[in-house]
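# Results of the structural survey
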Amino acid sequence: MSQKQRLDLTELLQKVHDYSGLAHKADIARIAPNLTALPDGWHPNGDDTAAIPSGEGYTLLAMEGLLTAFVAEDPWFAGWCSVMVNVSDIAAMGGRPQAIVNALWSHDPESAELIAKGMREAADTFRIPIVGGHTNLRSNQPQLAVGILGRAQCLLSSFAARPGQLLVAAIDLRGAYQAPYLNWNAATTAPAERLRGDIELLPCIAEAGLAIAAKDISQAGLLGTTLMLMESADVGVSINLDAIPKPEKVTWEDWLCTFPSFGYLLTTDNEHLPMLLERFRARGIAAAQIGEIVSSPQLWVETNNDRQLFHDLATTPLTGLSRPQMPIPQQEL
């Protein structure tokens, strides 16, 4: 292999590592020390949602705050995404959404109406009621935060990933970028019935025991989301870049920094891998094994016999939310 090929991978990973989406996740480390211990039996902080034991399953609770510039520049889409990303968080835990609330600030009533319309249309699409919230139309800038309640019978959790498991990526490629950000929109023009069926895949996968851990691919991109999964479970990952599902005409630099409207990382074993992949492929969603879970807390990326270290959590933690010294519920395969 030429030096130029090796330099390409090094430069690619450096550009992805410097991407602001990953930096936003690192901000969590400033807050993490202030999170107090949770009650006995509760799921630890650091996953896609809180998971509170309730009956024979879990009550799921989460919220998302959207970037101010995004809300200002594309209010309808920001409203739509505020619901969608919360639904994705519930699904990543193996759950089904039940209700949402919101907090909306704006200085422009017309913009606020577009935000609310986007939220309502997304809520209608996923058949989730908006049950309340907070509104202030006398703010000096637009801001939006949305919270969600859900329910899971069988939990998928990034804390449950262990060495020896396989890492799978499942991404809906039937979309396009929503300018000016690297948001891959495969949702707003898709049939509502199909979107509901796609989201239902995750709790069905959890209940069938086809996966152990999961995380939805967030603003940090695929590699940044992998790092968060690794940090939760205190494990490492080795990824084959060429195995990652990707639209043909999109560059790797853009794709590894992309926030897909439907994109998940899951862990499974060799026995259940074919059945897991088939669940996604049967619905037209690209899915593939892209790597393996290893013990050393480092993220390695390889392509064409070139292998580079992307991040070492042992020397540089990301969020500071790692696996506590307590039993984590395991999803049996």
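Residues numbered from 1 in each chain as written. Predicted model: local features only at pLDDT ≥ 70, side-chain atom pairs only at ≥ 80, totals over all residues. Heavy atoms only, no water.

For the protein, an unreviewed UniProt entry supplies the name Sll0787 family AIR synthase-like protein and the organism Vreelandella titanicae.

Turning to the packing of aromatic side chains, a few remarks are in order. Overall, the coordinates contain 6 aromatic pairs when judged by the stated rule. The interplanar angle of 75° and the centroid separation of 5.8 Å between the aromatic rings of Phe70 and Phe77 together place this pair among those described as edge-to-face. Across the pair, exposure class does not vary: Phe70 and Phe77 are buried alike. Where Tyr177 meets Trp184, the ring centres are 5.1 Å apart and the plane angle is 85°; that geometry is what we call edge-to-face. An aromatic cluster is present here, built from Phe70, Phe77 and Tyr181 joined pairwise through their rings. (Phe/Tyr/Trp six-rings, centres within 6.5 Å; stacked < 30°, edge-to-face > 60°. Buried < 20%, exposed > 50% of the residue type's maximum accessible area, 1.4 Å probe, protein only.)

Glancing now at the pairing of strand β6 (residues 166-171). Buried residues dominate β6, accounting for 6 of its 6 residues. Side chains Leu166, Val168 and Ala170 of β6 all project onto a buried face; the interleaved residues Leu167, Ala169 and Ile171 project onto the opposite face, where all are buried too. Examined bridge by bridge, β6 and strand β12 (residues 263-268) share 6 bridges and lie antiparallel to one another. Counterpart to Val168 in the pairing with β12 is Leu266. Examined bridge by bridge, β6 and strand β13 (residues 286-294) share 6 bridges and lie antiparallel to one another. Of the residues in β13, the one forming a bridge with Leu167 is Gly291. (Helix = DSSP H or I, 4+ residues; strand = E, 2+ residues; numbered from the N terminus. Pairing = 2+ DSSP bridges.)

With 58 residues, the main nonpolar core has Phe126, Leu202, Leu266 and Phe280 as its most contacted residues. In terms of residues, this core owes the most to one element, helix α5 (residues 75-92), which gives 11 residues. Lining this core are residues from two domains, each supplying at least three of them: domain 1 (9-26 + 157-312) and domain 2 (48-152). Other than its neighbours up to four places away in sequence, Leu266 contacts Leu166, Leu167, Val168, Ala170, Leu202, Ile205, Ala211, Ala213, Ala214, Leu276 and Phe280. With 39 residues, the next largest nonpolar core counts Val16, Leu22, Leu222 and Leu227 among its residues. (Core = buried A, V, L, I, M, F, W, Y, C linked by side-chain atoms within 4.5 Å. Domains from an automatic or database assignment. Contact = heavy atoms within 4.5 Å.)

Most of β12 is tucked away, with 6 of its 6 residues classed as buried. With burial as the criterion, each face of β12 is covered, one bearing Gly263, Leu265 and Thr267 and the other bearing Tyr264, Leu266 and Thr268. Summarising the sheet, strand β9 (residues 213-216) and β12 pair through 4 bridges and their orientation is antiparallel. Counterpart to Asp216 in the pairing with β12 is Tyr264.

Once that is clear, we can look at helix α6 (residues 109-126). Taking 1.5 Å of rise per residue, 18 residues should cover 26 Å, and α6 covers 26 Å from first to last C-alpha, within 8% of that figure. For α6, every residue scored as buried is listed here: Ser111, Ala112, Ile115, Gly118, Met119, Ala122, Ala123, Thr125 and Phe126. Buried residues of α6 fall within an arc of 160° about the axis and therefore sit on the same side. In α6, the exposed positions angled more than 90 degrees off the buried face are occupied by Glu110 and Glu113. Its side-chain oxygen placed 3.0 Å from the backbone nitrogen of Glu110, Asp108 serves as the N-cap of α6. (Expected span 1.5 Å × (residues − 1). Arc of directions from axis to C-beta. Polar contact = N/O pair within 3.5 Å; in protein donor to acceptor, adjacent residues only side chain to side chain.)

Turning to the sheet that holds β13, a few remarks are in order. Backbone-to-backbone hydrogen bonds join strands into a sheet, with any given pair of strands oriented parallel or antiparallel. Pairing is mixed in the open sheet, where 7 strands are placed in the order β9-β12-β6-β13-β10-β14-β15. The two strands at the open ends of the sheet, each matched to only one other strand, are β9 and β15 (306-312). Each neighbouring strand pair of the sheet contributes to a mean axis angle of 25°, computed without reference to strand direction. Across the sheet, α5 is in contact with β9 and β12; its angle to β9 comes to roughly 175°. Helix α10 (residues 273-281) rests against β6, β12 and β13 of the sheet, and its axis sits at about 145° to β13. (Axes fitted to C-alpha atoms, helices over the stretch in contact; angles between N-to-C directions.)

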